[in-house]
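Residues per chain, in single letters:
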Amino acid sequence: MPHIAIISSSVRIERKSHNVALYFKNYLENNNLSTAEILDLKEYKFPIFEGTLKTLIDPAENVLEYAAKIKSADGIIIVTPEYNGGFPASLKNAVDLLYDEWQGKPISISTVSAGIFGGAQALVSLQFILWKIGAYTVTNMFPVPNVSKSFDDKGNALDKIATDKLAKVFLSELIESIEANKQG
Ligand SMILES: Cc1cc2nc3c(=O)[nH]c(=O)nc-3n(C[C@H](O)[C@H](O)[C@H](O)COP(=O)(O)O)c2cc1C
């Protein structure tokens, strides 16, 4: 069974997109699609970028842990809010920190917003930087509009049937990419 790491990108007080990360973890585990864990950037509290991991003389323990988890994950889901038409600095910080760990890594992106467009503007710039660094982003999208009306604080989708249907399609491409990646 593959292992999927879910990056929860928002470090904001009263953040809402973390509920989407919880939803994916529950969905993957409850449907026996993969083992799953959340890499929570709010908990990691990485300092602002001073150099890639390779160049850090005495990297913090949690940076090493994060790098190991990205490297060993078979696939990654990034859950990101949209701020001013882009993704948050916390996420860019966490991407730039690594390099080798991202190479060829299958990544699915879920964008989240309070408005009606589901963070669609953040998607393009995030896909570009992940492509640039050498990751493999899958094309299926999972935009979440009106996030506070769509998920509760435990990660339950308020319209479970419709959301599960979308998640099935979204995650199937990630799982297929993981299998293709393993075959080499
Ligand atoms: C600084 C800031 C900028 C925002 N800019 C946008 C935006 O460009 N488009 C949008 O749809 N929502 C925008 N929002 C609303 C967020 O999408 C909404 O607050 C969402 O809940 C953010 O995710 P989070 O709660 O996990 O941080 C913005 C929110 C903040 C705090």
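The present account deals with the structure reproduced in this document. On a predicted model such as this, the values are computed, not experimentally measured, just so you know.

Looking now at the packing of aromatic side chains. One pass over the full model with this rule turns up eleven aromatic pairs. A centroid spacing of 5.3 Å and a plane angle of 65° characterise the contact between tyrosine 23 and phenylalanine 151, whose relative ring orientation is edge-to-face. Pair noted here: tyrosine 23 is in helix α1 (residues 18–30) and phenylalanine 151 is in the loop between α6 (147–150) and α7 (160–183), with a separation of 128 residues, a long-range link. What makes phenylalanine 151 buried here is its relative accessible area of 5%. The interplanar angle of 35° and the centroid separation of 5.4 Å between the aromatic rings of phenylalanine 24 and phenylalanine 170 together place this pair among those described as tilted. Residue phenylalanine 24 is located in helix α1, and its partner phenylalanine 170 is located in helix α7; the two are separated by 146 residues in the primary sequence. Of the two residues, phenylalanine 24 and phenylalanine 170, both sit in the buried class.

Attention now goes to unusual backbone geometry. Notably, asparagine 32 is not glycine yet its phi reads approximately 50°, a positive angle. By the element assignment, asparagine 32 lies in the loop between α1 and β2 (35–40).

Bringing the site of the ligand into the picture now. Inspection of the region around the ligand gives 14 residues, with Arg12, Lys16, Ser17, Tyr83 and Asn84 positioned closest. In this structure, glutamate 82 approaches the ligand through a side-chain N or O atom, which is 2.8 Å from a nitrogen atom. In isolation the ligand offers 610 Å² of accessible surface; the protein chains occlude 72% of this area. Within the shell around the ligand, the residues separate by chemical class into five nonpolar, five polar and four charged.

What counts and what doesn't
Residues numbered from 1 in each chain as written. Predicted model: local features only at pLDDT ≥ 70, side-chain atom pairs only at ≥ 80, totals over all residues. Heavy atoms only, no water. Phe/Tyr/Trp six-rings, centres within 6.5 Å; stacked < 30°, edge-to-face > 60°. Helix = DSSP H or I, 4+ residues; strand = E, 2+ residues; numbered from the N terminus. Buried < 20%, exposed > 50% of the residue type's maximum accessible area, 1.4 Å probe, protein only. Near = heavy atom within 4 Å. Polar contact = N/O pair within 3.5 Å; in protein donor to acceptor, adjacent residues only side chain to side chain. Areas by Shrake-Rupley, 256 points an atom, 1.4 Å probe, with all protein chains shown as cover. Nonpolar A, V, L, I, M, F, W, Y, C, P; charged D, E, K, R; others polar.

The analysis is restricted to geometry; functional conclusions fall outside its scope.
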